[in-house]
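# What the coordinates show
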Amino acid sequence: AQSVAQPEDQVNVAEGNPLTVKCTYSVSGNPYLFWYVQYPNRGLQFLLKYITGDNLVKGSYGFEAEFNKSQTSFHLKKPSALVSDSALYFCAVRPIIFNAGNNRKLIWGLGTSLAVNP
Amino acid sequence: DVKVTQSSRYLVKRTGEKVFLECVQDMDHENMFWYRQDPGLGLRLIYFSYDVKMKEKGDIPEGYSVSREKKERFSLILESASTNQTSMYLCASQEGLRTGELFFGEGSRLTVL
């Protein structure tokens, strides 16, 4: 079965330190990869995506993510964390299967709660 | 900016009531989605629509129905609400391309008593 794993329920980092939120996937083919962020009591916001090309993708709010095909991973990173980065982060994968319905469906990780401490 | 508007942020309903959750997007997106979000379970897809009057079941469609009479509006209907439908409901839209990201509304937190 196709799946997305976010192995850490919670990540704690000190403000100013680098942060990493991990995501690995088990999906056939070359999927499209996404990261979203959710602040308390809000909807999700798109951060960045990998479609093709350079393995390092830059997105909103200074976040970036590194695609590693051999490890089937797409870890989210930021060089210097801010307290305002504290939120819930979701990794999502869209399998590329030539079936109209499946092309629209995302497979979601369960989310990682990031706490940045002052 | 793309805007996805969900009509109600918070609702409290009684068991057996019919519940309508409305979602409107202003970017002429082809695809629209309804998810529910529960602690520890992440996002689960209820229904999605890729065109007016077209719909497909997601992973947990039981107890729900949807309506898409106009391209910009996608409604989620709970015919007879039950306590296990207490949840956060998220609507999203997406342009037709497979590479497109989702744009979410602010969510509707439904409590069924």
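This report concerns the structure included in the present document. (Residues numbered from 1 in each chain as written. Chains lettered and ligands numbered in written order. Predicted model: local features only at pLDDT ≥ 70, side-chain atom pairs only at ≥ 80, totals over all residues. Heavy atoms only, no water.)

## Re the overall build of chain A
Applicable threshold: Starting at the N terminus, helices and strands are each numbered in turn, a helix being any DSSP run of H or I of at least four residues and a strand any DSSP run of E of at least two. Each residue is assigned to one of three classes by its accessible area relative to the maximum for its type, calculated with a 1.4 Å probe on protein chains only: buried under 20%, partly exposed between the two thresholds, exposed over 50%. Only heavy atoms matter for contacts: two residues are in contact if any of them lie within 4.5 Å across the pair. Each accessible area is a Shrake-Rupley result for a 1.4 Å probe, and residues are judged covered by the shown protein chains and nothing else. Neither His nor the chain ends contribute to the count of charged residues, in which Lys and Arg are positive and Asp and Glu negative. Just so you know, the charge point we use is NZ for Lys, CZ for Arg, CG for Asp and CD for Glu.
From N to C terminus, chain A includes 0 helices and 12 strands. Taking the principal axes of the C-alpha coordinates as reference, chain A spans close to 45 × 30 × 20 Å. Taken over 118 residues, chain A has a buried fraction of 47%. Within chain A, contacts between residues separated by at least 24 positions form 57% of all contacts whose residues are at least 6 apart in sequence. By element, 50% of the accessible surface of chain A is carried by carbon and sulfur atoms, the whole surface being about 5,500 Å². Of the charged side chains in chain A, 10 are positive and 7 negative, and the gap between their average positions amounts to 12 Å.

## A short note on the interface of chain B and chain A
Stated precisely, the cut-off is as follows: A 1.4 Å probe defines the accessible area here, and the buried area is the portion of it lost by two parts on being joined, summed over both. Counted as salt bridges are all cases of a side-chain nitrogen of Lys or Arg within 4 Å of a carboxyl oxygen of Asp or Glu. Pairs of N or O atoms are called polar contacts if they sit within 3.5 Å, as long as, within protein, a hydrogen donor faces a hydrogen acceptor (for residues adjacent in sequence, only side-chain-to-side-chain pairs). Ten residue types, Ala, Val, Leu, Ile, Met, Phe, Trp, Tyr, Cys and Pro, are classed as nonpolar, four, Asp, Glu, Lys and Arg, as charged, and the remainder, Gly among them, as polar.
Each side of the interface is counted separately: chain B has 26 residues, and chain A has 23 residues. Both sides of the chain B and chain A interface together cover about 2,100 Å² of buried area, and 53% of this is carbon and sulfur. Looking only at chain B, the three residues that lose the most surface to chain A are B:Arg98, B:Thr99 and B:Glu101, adding up to 29% of its buried area. Summed over the shared surface of chain B and chain A, the result is 3 salt bridges. If you look at where chain B meets chain A, you find 9 residue pairs in polar contact (both at pLDDT 80 or more). Of all the secondary structure elements, the ones that give two or more residues to the side of chain B that touches chain A are β5 (31-38), β6 (42-51) and β10 (87-94) of chain B. No other element matches β6(B), which puts 5 residues into the side of chain B that touches chain A. A per-class count over the side of chain B that touches chain A returns 11 nonpolar, 8 polar and 7 charged.

## Here's the deal with the layout of surface pockets
To keep it simple, the criterion reads: With a 1 Å grid spanning the protein atoms alone, the term cavity applies to any set of points in which a 1.4 Å probe fits but cannot get out, the term pocket to an open set with protein on both sides within 12 Å along at least five of seven lines, and the term lining residue to any residue with an atom within 4 Å of a point. Grid points are joined across faces, edges and corners, and a volume is the space filled by probe spheres set on the points.
Taken as a whole, the second largest pocket encloses approximately 380 Å³ of empty space. As for the second largest pocket, its lining consists of 23 residues, of which A:Gln38, A:Leu88, A:Phe90, B:Gln37 and B:Pro39 are closest to the centre. At 3 residues, strand β10 (residues 87-94) of chain A tops the list of elements feeding residues into the lining of the second largest pocket. For the lining of the second largest pocket, the residue count by class is 11 nonpolar, 8 polar and 4 charged.

## What to know about the state of the cysteines
Residue and element names in this part refer to chain A. We count it as follows: Working definition: a disulfide is two cysteine sulfur atoms within 2.5 Å of each other.
Within the structure shown, the criterion is met by 2 disulfides over all chains. Paired by a disulfide, Cys-23 and Cys-91 hold their sulfur atoms 2.0 Å apart. Judged by the sign of its S-S torsion, about -65°, the bond between Cys-23 and Cys-91 is left-handed. Of this pair, Cys-23 sits in the loop between β3 (19-21) and β4 (24-26) while Cys-91 sits in strand β10, and the two are 68 residues apart along the sequence.

## Quick look at the pattern of salt bridges
Opposite charge on two side chains makes pairing possible when the charged atoms of those side chains draw close. Throughout the structure, instances matching the rule amount to 12 salt bridges over all chains. Here A:Glu64 and A:Lys58 are joined by a salt bridge, their closest N and O atoms 2.9 Å apart. A:Glu64 gets classed as buried once you look at its relative accessible area, which sits at 18%. Exposure remark for A:Lys58: the relative accessible area of 62% places this residue in the exposed category. Residues joined in a network through salt bridges with shared partners are B:Arg36, B:Asp38 and B:Arg44.

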